[in-house]
Each structure stands twice: as structure tokens, then as C-alpha cells.
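Now for the letters of each chain:
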Amino acid sequence: MSKTGEGDGYRIAVLAGDGIGPEVMIQALGVLDVVCGKFGFKVERERCLVGGAAIDAVGCPLPEDTVTSCEGADAILFGSVGGPKWEGLPADEQPERGALLPLRKRFGLFANLRPGVCMRELRGASPVKDELIPNGFDILCVRELTGGIYFGEPKGRRDEGDDVVAFDTMVYSRGEIERICRVAFTAAMGRSKRLVSVDKANVLQTSVLWREVCIEVGRDFPEVELTHMYVDNAAMQLLRRPDSFDVMVTGNLFGDILSDEMAMLSGSLGMLPSASLGGKNDQGLYFGMYEPSGGSAPDIAGKGVANPLAQILSVAMLLRYSLGEVEAAAAVEAAVSAVIASGMRTKDIYTGSEGETLATTADMGQAVITALDL
Ligand code: NAD
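Residues numbered from 1 in each chain as written. Predicted model: local features only at pLDDT ≥ 70, side-chain atom pairs only at ≥ 80, totals over all residues. Heavy atoms only, no water.

J.: I'd like to hear about the sheet that holds strand β4 (residues 111-118), residue by residue, with values.
T.: In spatial order, the strands read β2-β1-β3-β12-β11-β4-β5-β10-β8-β9; together these ten strands make up an open sheet with mixed pairing. If you trace the sheet from one side to the other, it starts and ends with β2 (43-47) and β9 (225-230), each paired once. Ignoring which end each strand starts from, the neighbouring axes of this sheet average 20° apart. Taken together, the five bridges between strand β1 (residues 10-17) and strand β3 (residues 75-80) define a ladder with parallel strand orientation. Residue pairing across strands places Ile12 opposite Ala75, the latter belonging to β3. Most of the contacts of helix α3 (residues 64-71) go to β1, to which it runs at about 145°, and overall it touches β1, β2, β3 and β12 (286-292). Each of β1, β3, β4, β5 (137-144), β11 (273-280) and β12 touches helix α9 (residues 309-321); the most contacted strand, β12, lies at about 170° to it. (Pairing = 2+ DSSP bridges. Helix = DSSP H or I, 4+ residues; strand = E, 2+ residues; numbered from the N terminus. Axes fitted to C-alpha atoms, helices over the stretch in contact; angles between N-to-C directions. Contact = heavy atoms within 4.5 Å.)

Have a look at this one:
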């Protein structure tokens, strides 16, 4: 196996995890089978333990074998981890902290891509009034994931006389800003060539540097129209006119908050994939980890009602960014759109309107496969 797709094909590590993770993963892998056949490439999958399932089987949330399999892969397809069963464990041993953070660190996953998409047919599920989003919206938030205030030093607390002081440090280097901006400009080139950089350059020194570097990187992408927006304004504009955004790039803290706002505006977590990208290989393709934006949804796990589309769309992102199979990615996305247009809905996006059909997890996966075959 190689990292080029030559020889026998690509290789991915499949980490289904807990709760609805395994249920939606089965559907996503079924779609991957069909897309491989249709576009004539192979993807070998290595199934690995992660999260609570790994704790139960071998006593830790991210076993060494799993890391080794990920190291030998072109990409990681992740489900979700966690649940009430493991909530009593010490923080570092819990499924999310003990698996996701070490994976991000080990593979240097510095760029988090979170689409915030509300398809026209699903406007009713968005809290934004229909008339403000006549055609829905399709935003891509590119968030810096490994720097900024979450990781800056010093951080801590100290006593000062009778008082207590706590502090965090926001730090960004030119190199960190440059590499995330390059990801964002490249993504913008593949879309409508519009990029908004979100910062707080009227107050923060890190944002002043952010803006400078972003403008410099932009000179290498003259076709992309770059604008800048303060984060407070971005939070308001997202509510007012989400369809005015296309690609957005921002730091770790602002991206954390704005991408969740976008998810809420989209209507259902079950529809939203995400990608966390690291370094590029010789072909200019990213190593990445692809997963639904939502968690393990223990409230609906095992009931066959979870929406598998976020996991299926995570496969599409994996095909595009890590395997370079752009046509196959677009075909999966088009099949998902066709299924939504046909009125098929899992419970989370079902409104009871005329033309809607209530579907199980498996029905939805099968419908995407059928749409791919057309
Ligand atoms: P959650 O995202 O799991 O669920 C929030 C709500 O969204 C629930 O009502 C759930 O039913 C619904 N939902 C989520 N995905 C759905 C889907 N595909 N189809 C239909 N409905 C869906 O968030 P939570 O309840 O805060 O967390 C539950 C567990 O997941 C916790 O243990 C948490 O730590 C973990 N978690 C894991 C990840 C991850 O693996 N990346 C991310 C977030 C939370």
C-alpha cells in the first residue's frame, strides 16, 4: 500500500468509536464501497478501536495499535466518542480528551474545516427566517486548531493579596498564521473565490499580525477577493445574512465559537461533517481526520434513527482533501443533495411537511447509494 493511490489503492484507518458512531459509520462505508466501484479506485480500511469502546476492550481510549494504523494510512475516518458510561473517569482518561486531543497532536492537525450548510429544502430547520435565506447557505469555516489562546503559555492562576488572578496567553506566530491562511485561500479557490478573515485587529496584537500575514498570503492568490471582519461583527452578520459568507478563516478561539454558531444556524448537527488537516504529502494532498461535527448522541444510540449524512459527507471531504478524488467527492455530495431534495428525512430533520418521508439511518444510507447509482 502506498500513500499515493498507486499499487493496490488507498488506505484509511476507520475509528467508529461509541454511541451512534458505529451505526452511521456502516452507512458511510457502504457509500464508500459504491463510490470506489463507480470511479475505479480502491480504499482499504483498517478498523481500529477508539474512545469508550477501546477503554472497555483494552483499558485506554487511544491504543498504540490504533495510532500505528493511523500512521500507515492516507487519512482517518472518525465516528464519535464518549458517553455516560465513561464520564466518571479522570479527565485525561475520558474518551474525548484521551483520544481526540492526542490524535490532533500526533498528526499535527492544525486546520479545522467546518462546513455550515443549510440546504434550500431544509431552511425550515434553521432558526433563521426563510426570507433571509431564500436559497439556504453554504459556508466553510477554516479554523486554526493547534495555536492561539488555548495553547499559549503562560497560563495559570496565582494569588495576589486577597485576590486570585487567572491568565491565558494568546500567541500566534507568522508561520502558524501563514499555513492556515494558505489552506483557506486554497479552499476559496475551489469555491466562489471569496474569503473573509475574521479577527479582532482593533484590540489584539495577534490579530494585527494575523491581518498582515493574511494580506501577504493573499498576494499568491490574486483571484481570491479577501475581506476582513471583526469577530463581533462576524457573529452578528452570520445571524443576519449567513448567505453572504463563503469561506471564512479565523483563529482557534473565534473559530470555536463561530463554527458552533454556524452549526446551530444550519439546523441539524446530523448534517455537518468536519475535517482536521495536517501536513501535505508529495502530491500536495493533506493527511486528515474526518468526522461528523456532532458527538456520540447517546440519547438516540442503538435506535436506528441517527442521521448518517454527516458521516457520509465526512467521506466526501476525505475523498477531496486526502485522496484527491475530487469527482468522487462531488458525486457523494450531489447524491446527498438529491436525497434531501427527494424529501427523505431522518427524525432530526423531519418536520412533517408535505412531501417528506421519515427514514431510518439505514434507509438514508441506502438512498444515498441509490442516488449515486443513477
Ligand atoms: P451530541 O452532538 O452527541 O448530541 C447533541 C444533540 O444532537 C443530541 O440531541 C443528539 O441526539 C443530536 N445529534 C447529534 N448527532 C446526530 C445525528 N447524527 N443524528 C441525529 N441527531 C444527532 O452532543 P452531546 O450530547 O453534548 O454529547 C454526547 C457525547 O458525545 C458526550 O460524551 C460528548 O463528550 C461526546 N462528544 C464527542 C464528540 C466527538 O467525538 N468528536 C464531539 C462532541 C461530543
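Having seen the structure, we can now continue with the description.
J.: Could you give me a rundown of the packing of helix α1 (residues 21-39) against α9, with the residues and numbers involved?
T.: Close contact between α1 and α9 brings their axes to 8 Å; oriented N to C, the two are set at 45°. Viewed along their axes, α1 and α9 adopt a mutual orientation that is oblique. Note that α1 runs across α9; the crossing there is right-handed. Counting all contacts with α1, which are made through Val24, Met25, Gln27, Ala28, Val31, Leu32 and Val35, the residues of α9 involved are Gln311, Ile312, Val315 and Leu319. Looking at the contact of α1 with α9 residue by residue, the classes come out as nine nonpolar, two polar and no charged. (Parallel < 35°, antiparallel > 145°, perpendicular 65-115°, else oblique. Left-handed = near helix turned anticlockwise from the far one by under 90°. Nonpolar A, V, L, I, M, F, W, Y, C, P; charged D, E, K, R; others polar.)

J.: How would you explain unusual backbone geometry if you had to name every residue and give the values?
T.: For the bond running from Glu153 to Pro154, omega is 0°, close enough to zero to count as cis. Mapping Pro154 onto the fold places it in the loop between β5 and β6 (156-160). The phi angle at Lys193 is positive, at roughly 60°, despite the residue not being glycine. Relative to the assigned elements, Lys193 resides in the loop between α5 (174-189) and β8 (194-199). Positive phi outside glycine occurs at Ala297, with the angle close to 40°. Note that Ala297 resides in the loop between β12 and α9.

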